[in-house]
Amino acid sequence: CADPLLGCGPDCVDPQADQAHCGGCDHDCLGAACNAGLCANEVVAAGQDEPFGVTLGATDVYWSCGGTSNRIRSIPKGGGSVVEEATAQVRPRQLVLAGSDLLWSNFGLTNDAAVMIKALPAGSPTALVPNQNTGVWGISVEGDFVYFSNQNDDTISRKSITQGQPAQVVAA
């Protein structure tokens, strides 16, 4: 390929403008413009009520909304219609995907903080770890366990996603 073009497979492309090879081979802007080798920022959901946590699935973006709406939402990565995944939450914060389950922390108000779980795409949200002191914040998953922090109790706890045992404090 003649300069400034770049060989990507059998094609010669302009990495400064090619949406499928923006800045280098196979770097796809997913529909956004490629300018000077950088994908343009693209808003996929506007007008959200204090968006907080965000996580990515294979095809969708999931986020929590605080403010007055207190809900979990999703939208296809390429844009489209917003889906209400869960409503009437209590100050939802961080989210994580574990296989086909979406988990999130509800910070809570007064002993109503929780780690929530919803089977995707159409399950109902339930409290995996209910009735926690206010302050459930960080959340992460490894194997069958969800780990979560409680900033008001100054603890890190874990709970099996599939087994019925109560949550265990692993650091205090």
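All of the points below concern the structure found in this document. (Residues numbered from 1 in each chain as written. Predicted model: local features only at pLDDT ≥ 70, side-chain atom pairs only at ≥ 80, totals over all residues. Heavy atoms only, no water.)

**Re the sheet that holds strand β13 (residues 136–142)**
Then comes step 1: Strands sit in the order β13-β14-β15-β16 across an open sheet of four strands; the sheet is antiparallel. A strand with exactly one partner marks an edge of an open sheet, and here the two such strands are β13 and β16 (168–171). Averaged over all pairs of adjacent strands, the angle between their axes in this sheet comes to 30°, without regard to strand direction.
Then comes step 2: In the sheet, strand β15 (residues 155–160) pairs with β16 via three bridges, with the strands oriented antiparallel. Each bridged residue has a counterpart across the sheet, and for isoleucine 156 the counterpart in β16 is alanine 171. (Pairing = 2+ DSSP bridges. Helix = DSSP H or I, 4+ residues; strand = E, 2+ residues; numbered from the N terminus. Axes fitted to C-alpha atoms, helices over the stretch in contact; angles between N-to-C directions.)

**Quick look at the side chain of arginine 71**
Then comes step 1: Position of arginine 71 relative to the elements: it lies in strand β7 (residues 71–76).
Then comes step 2: Separated by 3.2 Å, the side chains of arginine 71 and glutamate 84 make a polar contact.
Then comes step 3: Apart from residues lying up to four places away in sequence, arginine 71 is in contact with Trp63, Ser64, Cys65, Glu84, Ala86, Thr87, Gln89 and Pro92. (Polar contact = N/O pair within 3.5 Å; in protein donor to acceptor, adjacent residues only side chain to side chain. Contact = heavy atoms within 4.5 Å.)

**Brief notes about the pattern of salt bridges**
Then comes step 1: The final tally for this structure, using the stated rule, is three salt bridges.
Then comes step 2: For the salt bridge of arginine 71 with glutamate 84, the shortest nitrogen-to-oxygen distance reads 3.2 Å. Of this pair, arginine 71 sits in strand β7 while glutamate 84 sits in strand β8 (residues 83–86), and the two are 13 residues apart along the sequence.
Then comes step 3: A salt bridge links arginine 73 to glutamate 84; its shortest N-O distance comes to 3.0 Å. Placement of the pair is arginine 73 in strand β7 and glutamate 84 in strand β8, with a sequence separation of eleven residues.
Then comes step 4: It is possible to trace a salt-bridge network through shared partners that takes in Arg71, Arg73 and Glu84. (Salt bridge = Lys/Arg side-chain N within 4 Å of Asp/Glu carboxyl O.)

**Some details on the sheet that holds strand β5 (residues 51–56)**
Then comes step 1: The four strands lie next to each other as β5-β6-β7-β8, forming an open sheet whose pairing is antiparallel. Among the strands making up the open sheet, the edge pair consists of β5 and β8. Each strand of the sheet is rotated relative to its neighbour by a mean of 30°, with strand direction disregarded.
Then comes step 2: As paired elements, β7 and β8 share three bridges and run antiparallel to each other. Within the sheet, the bridge partner assigned to serine 74 lies in β8 and is valine 83.

**A closer look at unusual backbone geometry**
Then comes step 1: Omega for the peptide link from aspartate 3 to proline 4 comes to 15°, which places this bond in the cis form.
Then comes step 2: Following leucine 120, the chain continues into proline 121 via a peptide bond in cis, with omega recorded as 10°.
Then comes step 3: Take proline 121: it is sitting in the loop between β11 (113–119) and β12 (126–132).
Then comes step 4: Positive phi, close to 55°, is recorded for asparagine 131, a residue that is not glycine.

**A short note on the state of the cysteines**
Then comes step 1: Counted according to the given criterion, the structure contains four disulfides.
Then comes step 2: With its sulfur 2.0 Å from that of its partner, cysteine 1 forms a disulfide with cysteine 12. Across the S-S bond linking cysteine 1 and cysteine 12, the dihedral sits near -90°, which makes this disulfide left-handed. Here cysteine 1, found in the segment before β1 (6–8), pairs with cysteine 12, found in strand β2 (residues 11–13); they are eleven residues apart in sequence, far enough to count as distant.
Then comes step 3: The class for cysteine 12 is partly exposed, based on a relative accessible area of 44%.
Then comes step 4: A sulfur-sulfur separation of 2.1 Å characterises the disulfide bridge that pairs cysteine 29 with cysteine 39. Because the sign of the S-S torsion sets the handedness, a value of about -85° for the bond joining cysteine 29 and cysteine 39 places this disulfide among the left-handed ones. With cysteine 29 in the loop between β2 and β3 (34–35) and cysteine 39 in strand β4 (residues 38–39), this residue pair connects regions lying ten residues apart in the sequence. (Disulfide = S-S within 2.5 Å. Buried < 20%, exposed > 50% of the residue type's maximum accessible area, 1.4 Å probe, protein only.)

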